[in-house]
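This is what each chain is made of:
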Number of protein chains: 2
Amino acid sequence: MDPQEDPEIEARFLSDWSGLSVGRPREVHRPRSTEEVAALVRRCHEEGLCITVQGGMTGVAGGAVPAQGDVVINLERMNAIEEIDALEGVMQVQAGATLQQVQEAAEAAGWMFAVDLGARGSCQVGGNAATNAGGIRVIRYGTMRDSVLGVEAVLANGQVVSSLTRLVKNSTGLEPRFLFIGTEGTLGIITRLTLRLHPPMGQAAVAWVAASRFEALPVLLRQLKKKLGSGLCAFEFMSGQYVRTACELTGATVPVQTEGAWHVLIEAAGAAGQCLDEPLQEALMHALEGGDIDDCAMAASQAHRESFWRIREAIPEVLTHLKPPATLDIGLPWARTAEYVQKVAAELQARLPQAQHLFLGHLGDNNLHLISGPLDEAGVHAVDEIAYGALRGCGGTVSAEHGVGRLKKDYLAVSRTPEEIALMRTLKQALDPAGILNPGRIID
Amino acid sequence: MDPQEDPEIEARFLSDWSGLSVGRPREVHRPRSTEEVAALVRRCHEEGLCITVQGGMTGVAGGAVPAQGDVVINLERMNAIEEIDALEGVMQVQAGATLQQVQEAAEAAGWMFAVDLGARGSCQVGGNAATNAGGIRVIRYGTMRDSVLGVEAVLANGQVVSSLTRLVKNSTGLEPRFLFIGTEGTLGIITRLTLRLHPPMGQAAVAWVAASRFEALPVLLRQLKKKLGSGLCAFEFMSGQYVRTACELTGATVPVQTEGAWHVLIEAAGAAGQCLDEPLQEALMHALEGGDIDDCAMAASQAHRESFWRIREAIPEVLTHLKPPATLDIGLPWARTAEYVQKVAAELQARLPQAQHLFLGHLGDNNLHLISGPLDEAGVHAVDEIAYGALRGCGGTVSAEHGVGRLKKDYLAVSRTPEEIALMRTLKQALDPAGILNPGRIID
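What you are looking at is a predicted structure, and each value in this text was computed from that prediction instead of being measured. (Residues numbered from 1 in each chain as written. Chains lettered and ligands numbered in written order. Predicted model: local features only at pLDDT ≥ 70, side-chain atom pairs only at ≥ 80, totals over all residues. Heavy atoms only, no water.)

A few words now on the pattern of salt bridges. Enumeration over the complete set of coordinates arrives at 48 salt bridges over all chains. Between E420 of chain A and R416 of chain A there is a salt bridge; the shortest N-O distance is 2.9 Å. By relative accessible area, which is 4% here, E420 of chain A ends up buried. For R416 of chain A, a relative accessible area of 2% translates into the label buried. As a salt-bridge pair, E76 of chain B and R30 of chain B come within 2.6 Å of each other at their nearest N and O atoms. Placement of the pair is E76 of chain B in the loop between strand 3 (71–74) and strand 4 (81–85) and R30 of chain B in the loop between strand 1 (27–29) and helix 1 (34–47), with a sequence separation of 46 residues. Judged by relative accessible area, which is 23%, E76 of chain B ranks as partly exposed. Each of E10, R12, R30 and E76 of chain A takes part in salt bridges that share partners, so that together they form one network. (Salt bridge = Lys/Arg side-chain N within 4 Å of Asp/Glu carboxyl O. Buried < 20%, exposed > 50% of the residue type's maximum accessible area, 1.4 Å probe, protein only. Helix = DSSP H or I, 4+ residues; strand = E, 2+ residues; numbered from the N terminus.)

On the side of chain B, 85 residues touch chain A, which itself brings 85 residues to the contact. In total, about 6700 Å² of surface goes out of reach between chain A and chain B, with carbon and sulfur atoms giving 59% of it. Our count for the contact surface shared by chain A and chain B stands at six salt bridges. Between R416 of chain B and E175 of chain A there is a salt bridge whose closest N-O contact spans 3.0 Å. The interface formed by chain A and chain B holds 37 residue pairs in polar contact (both at pLDDT 80 or more) in total. By residue number, the principal contributor to the side of chain A that touches chain B is helix 15 (residues 418–431) of chain A, which donates eight residues. Of the residues assigned to the side of chain A that touches chain B, the class counts are 36 nonpolar, 31 polar and 18 charged. (Contact = heavy atoms within 4.5 Å. Buried area = accessible area lost by both parts, 1.4 Å probe. Polar contact = N/O pair within 3.5 Å; in protein donor to acceptor, adjacent residues only side chain to side chain. Nonpolar A, V, L, I, M, F, W, Y, C, P; charged D, E, K, R; others polar.)

Residues and elements named next belong to chain A. Residue placement: A283 occurs in helix 9 (residues 277–289). As for A283 and R192, which are separated by 91 residues in sequence, their C-alpha atoms are 43 Å apart. In contact with A283, not counting residues within four places along its chain, are L224 and K227.

All names here are of chain B. Of the two faces of strand 2 (residues 51–54), the one lined by I51 and V53 and the one lined by T52 and Q54 are each fully buried. As defined by bridge partners, strand 2 adjoins strand 3 across four bridges and the pair is classed as parallel. Bridging from a neighbouring strand, T52 pairs with V72 of strand 3. (Pairing = 2+ DSSP bridges.)

Cross-referencing UniProt, the feature "domain: FAD-binding PCMH-type" (unreviewed entry) maps to residues 21–200 of chain A in the present numbering. The straight-line gap between the two end C-alpha atoms of residues 21–200 of chain A is 40 Å; of that span, 23% is helix and 22% is strand. (UniProt positions renumbered as here; feature names shortened; annotations may be inferred.)

Before going further, it helps to examine the packing of aromatic side chains. On inspection of all chains with the given rule, the structure shows 11 aromatic pairs over all chains. A ring pair is formed by W208 of chain A and F308 of chain A, whose centres lie 6.0 Å apart and whose planes are at 75 degrees; its orientation type is edge-to-face. With W208 of chain A in strand 9 (residues 205–211) and F308 of chain A in helix 10 (residues 302–312), this residue pair connects regions lying 100 residues apart in the sequence. When sorted by exposure, W208 of chain A lands in the same class as F308 of chain A, which is buried. Between Y388 of chain A and Y411 of chain A, the aromatic rings sit 4.6 Å apart at their centres with planes inclined by 45 degrees, giving tilted as the arrangement. Taken together, the residues Y388 of chain A in helix 13 (residues 377–389) and Y411 of chain A in the loop between helix 13 and helix 14 (412–415) connect sequence positions 23 residues apart. Here Y388 of chain A matches Y411 of chain A in class, with each residue buried. Here the aromatic cluster, defined as three or more aromatic residues joined through ring pairs, consists of F214, F237 and W262 of chain A. The positively charged end of K226 of chain A is found above the aromatic ring belonging to W111 of chain B, 4.7 Å away from the centroid. (Phe/Tyr/Trp six-rings, centres within 6.5 Å; stacked < 30°, edge-to-face > 60°. Lys NZ or Arg CZ within 6 Å of the ring centre and 35° of its normal.)

Below, the discussion takes up the relation of the copies chain A and chain B. If you rotate chain A by 180 degrees and push it 0.0 Å along the axis, it lands on chain B with an RMSD of 0.0 Å. Taken together, these values place the two copies in the relation of a two-fold axis. By residue overlap, the copies meet face to face through one surface: 100% of the interface positions of chain A are interface positions in chain B. (Least-squares fit on C-alpha atoms with pLDDT ≥ 70 in both.)

Turning our eyes to something else, we now look at the sheet that holds strand 4 (residues 81–85) of chain A. All names here are of chain A. Taken in spatial order, the five strands of this open sheet run 4-5-8-6-7, and their pairing is antiparallel. Each having just a single partner strand, strand 4 and strand 7 (160–163) make up the two edges of the open sheet. Here the strands of the sheet are splayed against their neighbours by 15 degrees on average, with no regard to which way each runs. In this sheet, strand 5 (residues 90–94) lies alongside strand 4 in antiparallel orientation, the contact comprising four bridges. Looking at the pairing, I84 lines up with M91 of strand 5. (Axes fitted to C-alpha atoms, helices over the stretch in contact; angles between N-to-C directions.)

This next bit is on the environment of L280 of chain A. Relative to the elements of secondary structure, L280 of chain A occurs in helix 9. Once the C-alpha coordinates of L280 of chain A and E27 of chain A are considered, the two residues, 253 residues apart in sequence, prove to be 54 Å apart.

Laid out in structure tokens, this is it:
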């Protein structure tokens with residue numbers, strides 16, 4: 001029975017991975033076409049009803065969590081791969097297709113969709129675009145902004161804007177897609193997308209590095225960028241404490257003997273058939289000899305590579321172990337990161353000594369994750385205050401990839417100037433004057 | 001004497017490389033700071049004066065050409081390189097810095113600014129951003145949209161929006177830079193930018209290819225993308241007629257014996273110290289054996305490489321030779337390009353047999369240039385009608401990199417849906433209700 005007609009609206013429409021729950025929607029709709037979405041929005045526009053847009057419900061900022069009395073528009077039935085141009089490497093899809101579906105369809109056509117993240121099986125490309133998702137290969141391929149060529153979106157008045165361009169280059173005024181990518185459904189509902197595909201990557205070279213000082217990491221990263229160019233795919237740093245916890249929980253072994261304060265998982269890959277093991281190893285040997293790093297190991301087999309990544313990807317186990325946790329996705333310039341981590345770690349340890357505070361992140365994308373737990377509600381709030389407070393004046397962001405949603409609204413001014421926020425309000429007012437599209441997200 | 005006080009406003013402020021001249025401005029200002037720009041705009045806002053924003057005056061769409069009675073704000077004095085973060089590869093500059101200044105400052109800091117184009121010595125990065133300039137390396141590094149991390153802009157009411165972020169990843173709502181990049185000064189005046197730098201490229205491998213059928217080119221390009229990945233930097237195709245004309249004018253020799261209907265200049269480069277000669281040669285041998293291409297040659301020395309590029313870069317000589325010319329920068333999907341070229345070439349030949357019609361372009365960026373000439377005004381109009389007319393329904397664009405400016409406004413609907421244009425108008429109305437910023441550009 002369709003939830004639309006069902007008095008018992010299923011629990012899965014009420015919350016996302018943040019666990020936040022706000023209220024009970026009056027209706028849940030799962031349209032199959034853009035026209036159905038437009039008709040729903042027109043009705044809400046006329047009747048003054050608020051809309052919550054839902055994708056795969058894997059967000060952690062509460063963006064897809066409905067308020068009491070909302071009309072939910074869930075896109076899970078709009079999941080068609082509509083067209084693939086296998087010559088040029090361009091795909092057109094409905095917004096509710098999962099990331100994994102898109103990746104598999106690209107692969108079947110001899111191409112690769114470059115954005116990848118842990119929630120791939122559930123998250124939807126429309127949601128990925130609305131939050132400008134990043135993931136594990138941003139250093140090489142960028143975020144969703146770099147992989148979306150065009151969008152079709154339904155505006156707050158129910159009008160459909162078709163901007164399904166598939167061109168790499170277009171200089172004919174405003175690109176509508178940038179109004180909808182990253183604005184979390186507050187300016188329009190993305191219903192279809194044209195996506196840019198990349199040639200498949202060759203076999204990856206994977207290494208593990210230990211260093212005693214955080215300051216060594218940006219220096220190493222710069223060296224690797226210069227040595228490997230766009231061959232560098234991942235530069236994932238982890239605190240020693242994260243690595244120990246992850247290894248304990250998964251039974252994995254740290255790939256190096258040295259007990260480093262910091263560890264880095266490095267991946268490099270060229271085109272198909274190309275091998276970057278040698279230049280990667282050379283660069284690491286150089287760093288070792290120069291005293292920048294303390295230890296390193298190259299993965300010698302596919303099993304090795306997977307065991308290295310297993311540690312980095314133990315985040316779900318770590319989150320469960322530290323439940324209930326706080327999980328942050330700060331961004332800041334390389335040069336500010338070491339000082340920031342030191343300051344925040346000390347303050348967290350002093351204020352919340354009973355919890356673990358684990359740092360990790362994608363340094364190449366300026367992205368620093370912090371996982372703290374177990375924490376009660378006051379503890380989660382204290383982590384936010386400490387971590388976002390220390391970010392002021394750093395040129396950083398309170399969200400590098402999760403989005404602002406409902407949960408980070410109060411901290412938006414940490415990463416945006418008053419004039420930027422005023423500009424956001426001007427656009428919201430111009431495109432959704434009644435404020436019916438995802439109200440309560442990003443700005444009030 | 002400052003033109004501001006000078007009754008004789010210099011000719012260089014009246015027109016750009018398009019040669020278009022519309023009227024005489026009432027004032028020309030060359031401010032030195034954002035505050036001065038803001039004060040000027042506030043005055044124009046209060047007095048209802050129209051503003052023309054000027055960069056290096058190298059545009060070919062008339063975007064910087066003032067109308068009678070305009071207040072010109074020329075940014076040439078705002079040319080400071082303000083800051084370089086040599087660790088991370090980020091630069092902050094004023095908008096009036098020339099592209100070459102930016103490239104040289106990046107190089108001096110051990111990095112590279114990736115956008116490059118023929119007008120580098122005169123064009124300014126602010127203008128490059130306002131028109132979303134592309135150039136010769138888009139296939140690898142993208143357009144200005146991909147190299148600008150943040151902007152500061154002055155709105156139509158004189159308010160300064162500072163969004164000088166330097167983060168690769170930021171998911172905290174609308175990115176202000178995308179309102180100003182590519183909108184040609186109609187929504188705000190870009191005054192400062194943060195730019196992303198890349199590691200320097202290694203020695204390039206350069207090849208020349210001849211093919212009898214255009215259809216072979218996208219197939220070859222796909223093969224090269226798969227073989228070389230992001231190592232592929234340029235895939236510049238030229239019609240046989242363009243190559244003959246360019247060689248006659250420059251005294252250059254075609255690098256291959258075969259008189260192909262189509263020629264391609266291919267460049268591949270990896271990181272510093274990496275050489276891609278071998279994989280490029282392998283891929284071309286494969287294409288030759290498969291019958292996709294008719295002939296190819298690899299450049300064996302730096303002199304060779306330069307002589308190959310000399311032919312591609314003979315456009316200024318060709319334009320002078322065909323003076324007065326029509327010069328178009330269409331974009332369209334690979335799969336439609338062969339048919340489009342055939343159709344348009346036949347129609348041009350039939351309607352304007354006295355002129356030469358030369359095709360060339362950056363296929364990897366969907367970009368097709370057409371140079372026709374010599375032509376009178378009616379002839380230029382006929383070329384526009386034929387070339388843009390044939391573009392309808394192709395999913396293409398009337399401007400891949402030059403911008404719409406004053407000259408392509410009438411054809412905007414060829415590449416934008418009515419809803420996209422309505423959205424542009426909504427934003428213009430929201431941000432510049434009196435229409436004082438660069439009126440008469442992109443949309444009326």
